Amino acid sequence: MSTTAYATALAWQEALTSGDIDTLLELSSDGIEIAGDHGGGQGLAVLNAWASETHTTMTPQRVYERGDLVVTESVASGSATPGEAPDSRNVAVVFQITGDQVGSVFVHPDLDSAFAATGLGDGDFVED
């Protein structure tokens, strides 16, 4: 059964936030790309190490979706890099969904930059 890109992105963020690494990896493609202002990487091993070491949480506030692209405006807490002091900040997270799995996750500093990168906008807002 197919799920929506929206549901997949939210489930991925929930798995990350709850520390459910098994579900996080199941929801991710083998070649997942992860990038943000602290660098990036590719593959399940990179995702596993990053999620296990940083204890990052992402709480979505607003969600935008068009096709297989999802942007969440989220509150991210934790340390972006292992060993850094934890902090909390607003970010915009871009998800590319492929076949009910997350193929890429790009963290942007704000919604405007995520919209510029994806072509999504206010008209793509998903109401609950």
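Residues numbered from 1 in each chain as written. Predicted model: local features only at pLDDT ≥ 70, side-chain atom pairs only at ≥ 80, totals over all residues. Heavy atoms only, no water.

A. The arrangement of the packing of aromatic side chains in detail. Under the criterion given, the structure shown has 3 aromatic pairs. Judged by centre distance (5.0 Å) and plane angle (85°), the ring pair of Tyr-64 and Phe-115 falls under edge-to-face. Of this pair, Tyr-64 sits in strand β3 (residues 57-66) while Phe-115 sits in helix α4 (residues 111-118), placing them 51 residues apart in sequence. Exposure class is identical for Tyr-64 and Phe-115. Each is buried. Grouped by ring-pair contacts, the aromatic residues Tyr-64, Phe-115 and Phe-125 constitute a single cluster. (Phe/Tyr/Trp six-rings, centres within 6.5 Å; stacked < 30°, edge-to-face > 60°. Helix = DSSP H or I, 4+ residues; strand = E, 2+ residues; numbered from the N terminus. Buried < 20%, exposed > 50% of the residue type's maximum accessible area, 1.4 Å probe, protein only.)

B. Region of interest: the pairing of strand β5 (residues 87-98). Relative to β5, strand β4 (residues 69-78) runs antiparallel, the two sharing 10 bridges. Residue pairing for β5: Leu-69 is matched across the bridge by Gln-96. In terms of strand pairing, β5 meets strand β6 (residues 101-108) through 7 bridges, oriented antiparallel. Each bridged residue has a counterpart across the sheet, and for Val-94 the counterpart in β6 is Phe-106. (Pairing = 2+ DSSP bridges.)

C. Inspection of the side chain of Asp-124 at higher detail. Counting through the fold element by element, Asp-124 comes out in the segment after α4. Those residues in contact with Asp-124 that lie beyond four places of it in its chain are Val-63, Tyr-64, Glu-65 and Arg-66. (Contact = heavy atoms within 4.5 Å.)

D. Local environment of the sheet that holds β6. The strand order across the open sheet formed by 6 strands is β2-β1-β6-β5-β4-β3, and the pairing between neighbours is mixed. The open sheet has two edge strands, β2 (39-42) and β3, and neither has a second partner. The average undirected angle you get between the axes of adjacent strands in this sheet is 20°. Across the face of the sheet, helix α3 (residues 44-54) comes into contact with β1 (28-36), β2, β3 and β4 while running at roughly 55° to β1. Where α4 meets the sheet, it contacts β3, β4, β5 and β6, and its direction lies at approximately 150° from that of β4. (Axes fitted to C-alpha atoms, helices over the stretch in contact; angles between N-to-C directions.)

E. Layout of unusual backbone geometry. One non-glycine residue, Asp-100, adopts positive backbone phi at about 65°. With respect to the helices and strands, the residue Asp-100 is situated in the loop between β5 and β6.

F. Spotlight on the nonpolar core. In this structure, Trp-12, Leu-24 and Phe-95 are the most contacted members of the largest nonpolar core, which totals 23 residues. Listing elements by their share of this core, those giving two or more residues are α1 (5-18), α2 (21-26), β1, α3, β3, β4, β5 and β6. Among the elements that line this core, the one with the most residues is α1, at 6 residues. Setting aside residues up to four positions removed in sequence, Trp-12 forms contacts with Leu-24, Leu-27, Ser-28, Ile-32, Leu-47, Trp-50, Phe-95, Val-102 and Val-105. Ranked by size, the runner-up nonpolar core spans 9 residues in total, among them Tyr-64, Leu-69, Leu-111 and Ala-114. (Core = buried A, V, L, I, M, F, W, Y, C linked by side-chain atoms within 4.5 Å.)

G. Local environment of the side chain of Glu-73. Topologically, Glu-73 is positioned in strand β4. Separated by 2.5 Å, the side chains of Glu-73 and Arg-62 make a polar contact. Every residue in contact with Glu-73, bar those within four places of it in the chain, is listed here: Thr-59, Pro-60, Gln-61, Arg-62, Val-91, Ala-92 and Leu-111. (Polar contact = N/O pair within 3.5 Å; in protein donor to acceptor, adjacent residues only side chain to side chain.)

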